[in-house]
Amino acid sequence: MSTNIVVKDLDLFYGDFQALHSVSLDIEENQVTALIGPSGCGKSTFIRTLNRMNDLIDSVKITGEVLYHGEDIYDSESDVIELRKRVGMVFQKPNPFPMSVYENVAYGPKIHGKSNRTELDILVEKSLRGAALWDEVKDRLDKPATGLSGGQQQRLCIARTLAVEPEVVLMDEPTSALDPMSTSKIEDLIDQLKLNYTIVIVTHNMQQAGRISDKTCFFLNGYIEEIGSTDQIFFNPQSSKTEDYISGKFG
Amino acid sequence: MSLRQHFEEDIANLNKNILKMGLLVEEAIENALIAFKNKDFNLAEKVIAQDKNINQMENDLCDQSVLILAKEQPVASDLRHILAGIKIISQLERMGDHAVHICKRTINIGTDKYIKSTLVNFPKMEELGRHMLVDSLNAFVEGDVDLAREVSARDQEIDDIYDKVEYKLLEKIQKENEKIEQGVELLFISRFLERFGDHVTNICEWVIFSKEGTHENL
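Residues numbered from 1 in each chain as written. Chains lettered and ligands numbered in written order. Predicted model: local features only at pLDDT ≥ 70, side-chain atom pairs only at ≥ 80, totals over all residues. Heavy atoms only, no water.

1. As for the confidence of the model for chain B
Convention followed: Along the chain, pLDDT gives the predictor's confidence residue by residue, from 0 to 100.
Mean pLDDT over chain B: 95, with 99% of residues reaching 70 or higher. Our summary of model confidence lists the complex with pTM equal to 0.85 and ipTM equal to 0.75.

Here it is in structure tokens:
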């Protein structure tokens, strides 16, 4: 097993407020890493540091290192566009573009310079199949994406992420707005995706973290309280705070 | 309503019922030995008949535990506690069976006068085992691993008496060549009493699993 992303002593400040305190974490290839913790603990802030989404916020200051294949992504030489292509992101609420299903998926590749229709057709089908959506939308590729159900829209967003052929997929509570059936489909999908991608997922759903992840990282007040295999965290956590949180004693 | 109040109530209720089941087993083994000592065959029959209540409790508590698992989806020590509870109730059910077996052997022996040594040693084994049972269940409910370890250590005393009784019974059967049938029945009874203590030790091991998440061979 090799490491895809290595985070070392990461501090993050919003102005004077320190949201992350010396966070260090190895993210392994082809594994699902779940980030759990109560609201405001820093897990969403942390996941956004992995593809520099926090750059969009002016007051953010970051120290420490995030090494992606050994290169510090916060190095001034680092290519953010390329980084976000390699490290894609799926958000809490499905956010399809107001375009057709096809165009939603083709959008990323087009921006990155692909214009050959045949190539795009192949890529769109491959991405939609990868997101377990192809069979449901293959006859309505030219219809507006906003007409899909919530669960389908979220899988479309996953397809859109896959279309630019990333290595890592970051997911920030990807099922919190979905019904149980759609949630189950996304969870099955994550199980499939990890064969080809590295997944990092923020979730508030303890059972979901238990079901789908290989490694679980518990954040508390901007610190990593405990990291371990998901089996260990859910069976015999070492920290009493972890135990209390996953058992629902606070949260 | 505070966080987890419903879950805490479920667990308290489950613990209470496990203690109740333990009480039935405690009564069963105590009465089995009273029936043995006094050759009270009516009491022996009663213990045999009442075993169905213990068996029923095993099923009920298993269902109760499964419902908590399904509805509350506990993790970590909460999950281990319920799993340990499920394992403990099956130990209790087996212990109830031992009380039944003792009663059946007592009836088999009938009015034939007992080989002397057993009248002292069997009640002693029973008393030790019964107290161990009560303490082990308290250890489970209180999550007291020190008590669990201390209780399981007491099993050695039962084993020592068992070895002594077994030797004496075999000696009696072999050398004096008398009361062979009764001797065999008594050997079985001593074995059931010895096994009773082993089941308590198993309960203690599950107490440690519940609290510490490790399997300790006591």
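2. Observations concerning the environment of A:I57
Quick note on the threshold: Numbering of helices and strands starts at the N terminus; helices are DSSP runs of H or I of at least 4 residues and strands are runs of E of at least 2.
Examined against the element boundaries, A:I57 turns out to sit in the loop between α1 (43–49) and β4 (60–68). On a C-alpha basis, the gap between A:I57 and A:Y102 in space is 31 Å, while along the polypeptide they are 45 residues apart.

3. Focus: a nonpolar patch on the surface
Heads up, the condition is: Without a salt bridge and with relative accessible area above 30%, a residue can belong to a patch; like charges are then joined within 9 Å and nonpolar side chains (Val, Leu, Ile, Met, Phe, Trp, Tyr) within 5 Å. Residue exposure ignores everything except the shown protein chains as possible cover, and the areas themselves are Shrake-Rupley values with a 1.4 Å probe. Just to be clear on terms, a salt bridge is a Lys or Arg side-chain nitrogen sitting within 4 Å of an Asp or Glu carboxyl oxygen.
Among the surface-exposed residues, B:I180, B:V184 and B:F188 lie close enough to one another that they form a single nonpolar patch of about 240 Å² accessible area. By secondary structure assignment, the location of B:F188 is in helix α7 (residues 180–212).

4. Digging into the pattern of salt bridges
The condition is simple: Relative accessibility thresholds used throughout: buried, under 20% of the residue-type maximum; exposed, over 50%; partly exposed, between the two (1.4 Å probe, protein chains only).
On inspection of all chains with the given rule, the structure shows 27 salt bridges over all chains. One salt bridge in this structure joins A:K126 and A:E165, with 3.6 Å as the shortest N-O distance. Highlighted residues: A:K126 in helix α4 (residues 117–130) and A:E165 in the loop between α6 (150–163) and β7 (168–172), separated in sequence by 39 residues. Note on A:K126: relative accessible area 52%, which makes it exposed. Here B:R195 and B:D198 are joined by a salt bridge, their closest N and O atoms 2.7 Å apart. Of the two residues, B:R195 and B:D198 both sit in helix α7, three residues apart, roughly one turn of that helix. The exposure class assigned to B:R195 is partly exposed, which follows from its relative accessible area of 27%.

5. A short note on the sheet that holds strand β2 (residues 17–28) of chain A
All names here are of chain A. Put simply, the test is: In this scheme, strands are said to pair when DSSP sees at least two bridges between them.
Reading across the sheet, the four strands line up as β2-β1-β4-β5 and stay open at both edges, with antiparallel pairing between neighbours. Each of the sheet's edge strands pairs with one partner strand only, and the pair in question is β2 and β5 (71–72). For β4 and β5, the ladder comprises two bridges, and the chain directions are antiparallel. Bridge assignment links Y68 to a residue of β5, and that residue is E71.

6. A look at helix α1 (residues 5–38) of chain B
Here is the rule: By definition here, a helix of n residues has an expected span of 1.5 Å times n minus one.
Relative to the 50 Å expected for 34 residues at 1.5 Å per residue, α1(B) spans 49 Å between its end C-alpha atoms, a close match to the ideal helical length. With its phi angle positive at about 50°, B:K39 sits one or two positions after the end of α1(B).

7. A word on the sheet that holds strand β10 (residues 223–229) of chain A
Residue and element names in this part refer to chain A. Applied cut-off: Comment: axis = line fitted to C-alpha atoms, over the contacting stretch for helices; angle = value between 0 and 180 degrees taken between N-to-C directions. We call two residues in contact whenever any of their non-hydrogen atoms come within 4.5 Å of each other.
The mixed open sheet is built from six strands, whose spatial order is β6-β7-β8-β3-β9-β10. Of all strands in the sheet, those with a lone pairing partner are β6 (87–90) and β10, marking the two edges. Shown here is a sheet whose adjacent strand axes are inclined to one another by a mean of 20°, direction ignored. Bridging between strand β9 (residues 215–220) and β10 involves six bridges; their strand directions are antiparallel. Residue T216 lies in a different strand from β10, and its bridge partner there is G228. Sheet strands in contact with α6 are β6 and β7, and its direction is about 170° off that of β6. Set on the sheet, helix α7 (residues 180–193) makes contact with β3 (32–36), β7 and β8 (198–202); between it and β8 the angle comes to about 145°.

8. A few points about the pairing of β3(A)
All names here are of chain A. In terms of burial, β3 is a largely internal element, five of the five residues being buried. Residues V32, A34 and I36 point to one face of β3 and T33 and L35 to the other, with burial holding for every one of them. Pairing analysis gives four bridges linking β3 to β8, with the strands arranged parallel. Considered in β8, the bridge of L35 is made with V202.

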